[in-house]
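The primary structure of each chain is shown beneath.
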Amino acid sequence: MNLILLGPPGAGKGTQAKLLSEAHRIPQLSTGDMLRAAVKAGSAIGKQAKAVMESGGLVSDEIVIGIIADRVSQADCINGFILDGFPRTLGQAAALDKLLGTKKKDLSAVVAMSVQDEELVKRIAGRYTCATCGSGYHDDMQKPRKAGVCDKCAGTTFTRRPDDNAETVRARLMVYYRETAPLIGYYFAKGKLSTVDGMAPIGDVTKAIEAILARFSTGIKAK
Ligand code: ADP
Ligand code: ADP
Ligand code: ZN
């Protein structure tokens with residue numbers, strides 16, 4: 001199963017990718033997470049990506065396509081993967097088609113998550129992550145069961161992304177509408193697109209995506 005989660009920043013792609021990754025035992029491939037790891041490690045890619053990411057722009061197609069080509073070739077991707085945050089441009093989508101073609105793989109489904117713009121701004125402003133295990137939380141919408149303690153690993157250190165601030169959010173939304181939203185049309189035209197209501201509670205969104213995947217596994221095409 002090769003799945004793309006498509007949606008604006010804050011739509012819930014990472015949240016859903018983690019849940020689906022555990023349920024289906026296939027990896028979550030987040031280019032954002034991989035780039036943040038590169039920045040932290042201070043690698044050549046990280047050095048090139050840092051300022052662009054902080055300003056809310058897009059890292060070059062060349063870099064992210066290279067990262068994904070390496071990653072999908074790794075052994076844990078043999079039964080499939082969930083792409084979270086890639087592709088983000090039509091160029092990246094075309095490169096992905098080519099890459100999957102050479103590996104004789106196909107996309108199972110592309111799930112577009114629709115969320116109102118005002119809600120996206122709220123979600124991003126309140127987002128934080130467990131520094132130990134990467135679990136995602138929100139100040140109001142997804143609090144840990146015990147305040148200050150990660151549900152998953154009991155860690156007590158949390159981080160906020162430097163690009164999750166009110167000014168950068170608007171720049172990122174603009175980039176989304178300009179560069180990434182056209183992919184909705186691209187995948188619709190290829191007969192791959194399904195849409196879920198990303199405004200619903202987290203569990204309901206998961207159920208809606210699972211229903212789409214069930215259609216795929218019974219051989220009925222996504223509509
Ligand atoms: P993305 O990966 O698309 O940028 P995230 O999965 O990081 O988005 O979610 C953004 C924020 O919104 C996080 O703080 C997360 O806890 C919260 N969130 C995710 N899905 C929902 C939802 N369905 N309802 C309410 N809050 C959500
Ligand atoms: P979000 O889901 O909140 O938009 P991500 O973690 O997916 O954030 O991405 C964070 C940043 O990393 C982006 O704003 C962009 O600078 C960079 N990035 C991630 N994925 C890509 C990609 N596929 N192409 C170009 N830049 C990317
Ligand atoms: Zn944790």
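Further up the page is the structure itself.
Residues numbered from 1 in each chain as written. Chains lettered and ligands numbered in written order. Predicted model: local features only at pLDDT ≥ 70, side-chain atom pairs only at ≥ 80, totals over all residues. Heavy atoms only, no water.

Turning our attention to the site of ligand 2. As a structural note, the neighbourhood of ligand 2 is formed by 18 residues, with T31, G57, R88, R127 and R172 the closest of them. A distance of 2.9 Å separates an oxygen atom of ligand 2 from a polar atom in the side chain of R36. One nitrogen or oxygen atom from the side chain of R161 is found 3.0 Å from an oxygen atom belonging to ligand 2. Its residues assigned to classes, the shell around ligand 2 shows seven nonpolar, five polar and six charged. (Near = heavy atom within 4 Å. Polar contact = N/O pair within 3.5 Å; in protein donor to acceptor, adjacent residues only side chain to side chain. Nonpolar A, V, L, I, M, F, W, Y, C, P; charged D, E, K, R; others polar.)

Attention now moves to the coordination of the zinc ion (ligand 3). For the zinc ion (ligand 3), the protein coordination sphere consists of C130 (SG), C133 (SG), C150 (SG) and C153 (SG), at 2.3 to 2.4 Å. Seen from the zinc ion (ligand 3), its four donor atoms lie at angles of 101 to 115°, and the figure they make is tetrahedral. Going along the chain, you hit the donors of the zinc ion (ligand 3) in the pattern C-x2-C-x16-C-x2-C. Placement of C133 in the loop between β5 (127-130) and β6 (136-138) and of C150 in the loop between β6 and β7 (158-159) is noted, with a sequence separation of 17 residues between them. (Donors = N, O, S within 2.8 Å, 3.2 Å for Na, K, Ca; no water. Tetrahedral: all angles 85-135°; square planar, octahedral: opposite > 155°, others 65-115°. Helix = DSSP H or I, 4+ residues; strand = E, 2+ residues; numbered from the N terminus.)

What follows deals with the pattern of salt bridges. Between side chains of opposite charge, a pair can form as their charged atoms come close. If you walk through the whole model with that rule in mind, you get 14 salt bridges. With a shortest N-O distance of 3.3 Å, K192 and D106 are connected by a salt bridge. With K192 in the loop between α8 (182-189) and β8 (193-197) and D106 in the loop between α5 (90-102) and β4 (109-114), this pair connects stretches of sequence that are 86 residues apart. Judged by relative accessible area, which is 14%, K192 ranks as buried. We classify D106 as exposed; its relative accessible area is 51%. The shortest N-O distance in the salt bridge between D164 and R161 comes to 4.0 Å. By relative accessible area, which is 11% here, D164 ends up buried. (Salt bridge = Lys/Arg side-chain N within 4 Å of Asp/Glu carboxyl O. Buried < 20%, exposed > 50% of the residue type's maximum accessible area, 1.4 Å probe, protein only.)

So, about unusual backbone geometry. Cis geometry marks the peptide bond from F86 to P87; its omega dihedral reads -5°. Tracing the backbone shows P87 in the loop between β3 (81-84) and α5. Of note in the backbone geometry, R25 takes a positive phi value of approximately 55° without being a glycine. By the element assignment, R25 lies in the loop between α1 (13-24) and β2 (28-30). The class of R25 is exposed, set by a relative accessible area of 75%. Of note, A154 is a non-glycine position whose phi angle comes to about 65°, a positive value.

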